[in-house]
2 protein chains.
Amino acid sequence: MSFKQFSSDTDVIAFARQHSDLFSADEPLKVAEIGDGNINFVYRVSGATTSLIIKQALPYIRIIGEGWPLSQDRIRIEAEALQLEAKYCPDLVPKVYHYDAEQCAIVMEDISAFGNLRMAMVQRQKLPLLGEHLGRFLADTLFYTSDLYLDGHAKKALVQRFINPDLCKISEELFFWDPYCDHERNSINEHLRADAEALWQDETLKLEVARLKIKFLNQAESLLHGDLHSGSVFVNESGTKIIDPEFAYVGPAGFDIGSIIGNYVLNIAGQSNLPGDQAERQDYQQWLLADMNTLWNTFSRCYRQHMQAETQDPSLRQAAYAEWYLAELLADSLGYAGTEVIRRTIGLAHVLDIESIEDAQQRTESERLALTLGQLLIKERASFSSIEALTAKLTKQLFCH
Amino acid sequence: MSFKQFSSDTDVIAFARQHSDLFSADEPLKVAEIGDGNINFVYRVSGATTSLIIKQALPYIRIIGEGWPLSQDRIRIEAEALQLEAKYCPDLVPKVYHYDAEQCAIVMEDISAFGNLRMAMVQRQKLPLLGEHLGRFLADTLFYTSDLYLDGHAKKALVQRFINPDLCKISEELFFWDPYCDHERNSINEHLRADAEALWQDETLKLEVARLKIKFLNQAESLLHGDLHSGSVFVNESGTKIIDPEFAYVGPAGFDIGSIIGNYVLNIAGQSNLPGDQAERQDYQQWLLADMNTLWNTFSRCYRQHMQAETQDPSLRQAAYAEWYLAELLADSLGYAGTEVIRRTIGLAHVLDIESIEDAQQRTESERLALTLGQLLIKERASFSSIEALTAKLTKQLFCH
């Protein structure tokens, strides 16, 4: 049997029954096509008391059609990345019940008890465990897939297994070039046009972005999630689930850390003008800044512990190496955070954290703030000796004028 | 037919006749087993007027035997690397006539008109084209296999094709760890023991070596030769041939540049005590320093020209990026040069440039000088704004005391 797109609920239900033992044989099942689904098809199959998710990848981008072909190998990569992540932090990812190479489909845990982090942030939900969970997810997935843990053969096999050119190309272009020139794919608020044009002339900024780009292209450091924005994170009061690692490849660890930090910063920029009481919005900005501290500090504490306990290579086990490495990684992470903030403001794909500001003038203000913070993150990334030094600077930028 | 080690001259001759059109059918051929052959078998097959080389890889290291298995994939890698190098600088590598996957053998051009560079340097031959040829070889091979030239898909396919864990592991250990601890594989002149012990205590040095090691492990920048010491370079008055790229993998460009610069420095250290007239030896040291300038300056001029003319990615085509990149690369190169110098002095494999000093005291002096220069290269690698700044410093170190 070769690849065939599911064409009916019956197909999807049959596939669900065949590849999981969640449902009893005579239990009636129903199917809903869910998901913001820009790229893939995602179905929820529900029985009387339980449900699961089926994700199927087509050989092109769903919302564009056959005009933008995209390798179906991405669904293998997503399945294998989820399984690898589950090995180290099983509580933080949906369980894969079955990966089907032929149908390019994953059958996995339904995480509908969790809500999307981007929505939660727009609604100013404080999530007591968020920074800790994200920090631990990053430390575990980035450490256990690096040369600090794996031997040379295992690491190189990992690089080979996660070569992912189609999806990397999307990031290479959308993060590191489009927003820095007058590209047709950009989406720029007309009131922000002059700001964007000034940015395109900033040679210092463009050099720093080129340095981040070459690292994204070349530095095979850890297996990345590769698309760790707020839309890939699902949350509730007691837990966190991180989904959709189809952009996974072995790249610079700072890219994942920076992507999610960038999404905190985007929400911070949005909160300056989102609807609601000012005190409440400012309070939420402060919560976000504090949670960024928690995220990085959890990450670096866990990472350091892993290195002390589990790094075998004696040349990389030195305490001085860990300190140097984490300082470098903080700088990288802030740089990538800056590229995420900028590409979400003047590039192709914007975020609800800012887009949901209805008043054009106010939205422009938040976008301008985002551009300012994005540039600061990129240009000054190597000047922060700790995450607190950064969040103190952002606090000053936001509240002291 | 599956893999079979050539067991007689008849085997080798039959293979040569089958896979080249150099010889006429009735021409008598003879075989000589040549080569310092630590790892592979190398045969020269000669007819009346012409000859060729056959190199065969066994599934283990020749001089050790089946106790040290080594993937035969290395011979595919060598053949493909030679073919890729030939695409960009055909005059600087031996021509591959045939690669035989089944017999793990390469049939290639005989370069016996050229002599080994290490011997030439021990004998103080000035080679008028050496620095230029090496600089051009490095610029061409490193540029055309990088993201500055290749598109993302082609680059990632290259990474995948040249995953080379067995041979990388040898370098990872011999360059970046053994010499920095009391490792059983080290070979240390007893008079130098105290110097080695002091080096093992130098935490600053060991951190810098760890930084170079992680780059060697992670930075998939360009297809490297991977073993570019003087023994891999063959020379005469009019030409240069670079052989043996079985360690090829996609790694940091500075490793190749640094390996060969390290071999210049090793000869410089040797010349302080090799037999012969002092003025002549000092004159040769100065020639080596000048040729290091030529090598780097040729490399950087060619590389810059390639970037200006052929880099398509607009974000990497910026002039400021080229300047930043070449400054970083000089620092990397000098760091790797330092690791080559140190591992050849207190690690497993030493070099004739120093080993051929018969007097133990004098040999120790040259080894001590090598250790000093190696540490300087590693620790101060980022402080040189040009190759001339380095060679001026080395000149002072050698001649002003």
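Residues numbered from 1 in each chain as written. Chains lettered and ligands numbered in written order. Predicted model: local features only at pLDDT ≥ 70, side-chain atom pairs only at ≥ 80, totals over all residues. Heavy atoms only, no water.

> What is the right way to look at the overall build of chain A in this model?
From N to C terminus, chain A includes 14 helices and 12 strands. Radius of gyration (C-alpha) of chain A: 21 Å, near the 21 Å computed for a compact globule of 401 residues. For chain A, the spread of C-alpha atoms along the three principal axes comes to 65 × 55 × 40 Å. In chain A, buried positions account for 62% of the 401 residues. Restricting to contacts in chain A with at least 6 residues of sequence separation, those with at least 24 account for 73%. Looking at chain A as shown, the accessible area adds up to about 15200 Å², and 49% of this sits on carbon and sulfur atoms. Here chain A carries 37 positive and 57 negative side-chain charges, and the mean point of each set is 3 Å from the other. (Helix = DSSP H or I, 4+ residues; strand = E, 2+ residues; numbered from the N terminus. Rg over C-alpha atoms; globule rule 2.2 N^0.38 Å. Buried < 20%, exposed > 50% of the residue type's maximum accessible area, 1.4 Å probe, protein only. Contact = heavy atoms within 4.5 Å. Areas by Shrake-Rupley, 256 points an atom, 1.4 Å probe, with all protein chains shown as cover. Lys, Arg positive; Asp, Glu negative; His and termini not counted. Charge placed at Lys NZ, Arg CZ, Asp CG, Glu CD.)

> Honestly, the relation of the copies chain A and chain B in this entry has me stumped. Any pointers?
Note: a rotation about an axis with an accompanying shift along it relates these two copies of the chain. Mapping chain A onto chain B is achieved by rotating through 180° and translating by 0.0 Å along the same axis, at an RMSD of 0.0 Å. Each copy turns onto its partner about a two-fold axis. Taking C-alpha positions as the reference, the residue of chain A nearest the rotation axis is A:Gln219, at 2.3 Å. Interface residue correspondence from chain A to chain B reaches 100%, placing this contact among same-surface, isologous pairings. (Least-squares fit on C-alpha atoms with pLDDT ≥ 70 in both.)

> Help me understand the sheet that holds strand β2 (residues 41-46) of chain B, please; the structure alone is not making it clear to me.
Neighbouring strands of a sheet are bound in pairs by backbone hydrogen bonds; such pairs are parallel or else antiparallel. Residue and element names in this part refer to chain B. The five strands are arranged β1-β2-β3-β7-β6 in an open sheet whose pairing can be described as antiparallel. Looking at strand neighbours, the two that pair on one side only are β1 (30-34) and β6 (96-100), the edges of this open sheet. Sheet twist, expressed as the mean angle between neighbouring strand axes with direction ignored, is 20°. In this sheet, strand β7 (residues 105-109) lies alongside β6 in antiparallel orientation, the contact comprising four bridges. Its bridge partner being in β7, Tyr 99 is matched across the sheet by Ile 106. (Pairing = 2+ DSSP bridges. Axes fitted to C-alpha atoms, helices over the stretch in contact; angles between N-to-C directions.)

> Looking at this model, I keep getting lost on the domain arrangement of chain A. Mind explaining?
For an interface, size is often stated in terms of accessible area lost upon the parts coming together. Residues and elements named next belong to chain A. With domains assigned, chain A is organised as domain 1 (9-108) and domain 2 (115-399). With 23 residues of domain 1 at the interface, the matching set in domain 2 holds 26 residues. Summing both partners gives a buried area of about 2200 Å² for domain 1 against domain 2, and 63% of it is carried by carbon and sulfur. Counting across the domain 1 and domain 2 interface gives four salt bridges. (Domains from an automatic or database assignment. Buried area = accessible area lost by both parts, 1.4 Å probe. Salt bridge = Lys/Arg side-chain N within 4 Å of Asp/Glu carboxyl O.)

> Could you clarify how one ought to interpret the interface of chain A and chain B in this entry?
With 35 residues of chain A at the interface, the matching set in chain B holds 35 residues. In total, chain A and chain B occlude about 3300 Å² of area from one another, counting both sides; carbon and sulfur atoms represent 64% of this. Looking at the side of chain A facing chain B, the largest losses of area belong to A:His153, A:Lys156 and A:Asn218, adding up to 18% of the total buried there. Our count for the contact surface shared by chain A and chain B stands at four salt bridges. For the salt bridge of B:Lys156 with A:Glu172, the shortest nitrogen-to-oxygen distance reads 2.8 Å. Across the chain A-chain B interface, the total number found is 15 residue pairs in polar contact (both at pLDDT 80 or more). Those elements that place two or more of their residues in the side of chain A that touches chain B are α5 (152-161), α6 (165-176), α8 (203-218) and α11 (319-346) of chain A. Element by element, the count of residues in the side of chain A that touches chain B is highest for α8(A), at nine residues. A class-by-class count of the residues in the side of chain A that touches chain B yields 16 nonpolar, seven polar and 12 charged. (Polar contact = N/O pair within 3.5 Å; in protein donor to acceptor, adjacent residues only side chain to side chain. Nonpolar A, V, L, I, M, F, W, Y, C, P; charged D, E, K, R; others polar.)

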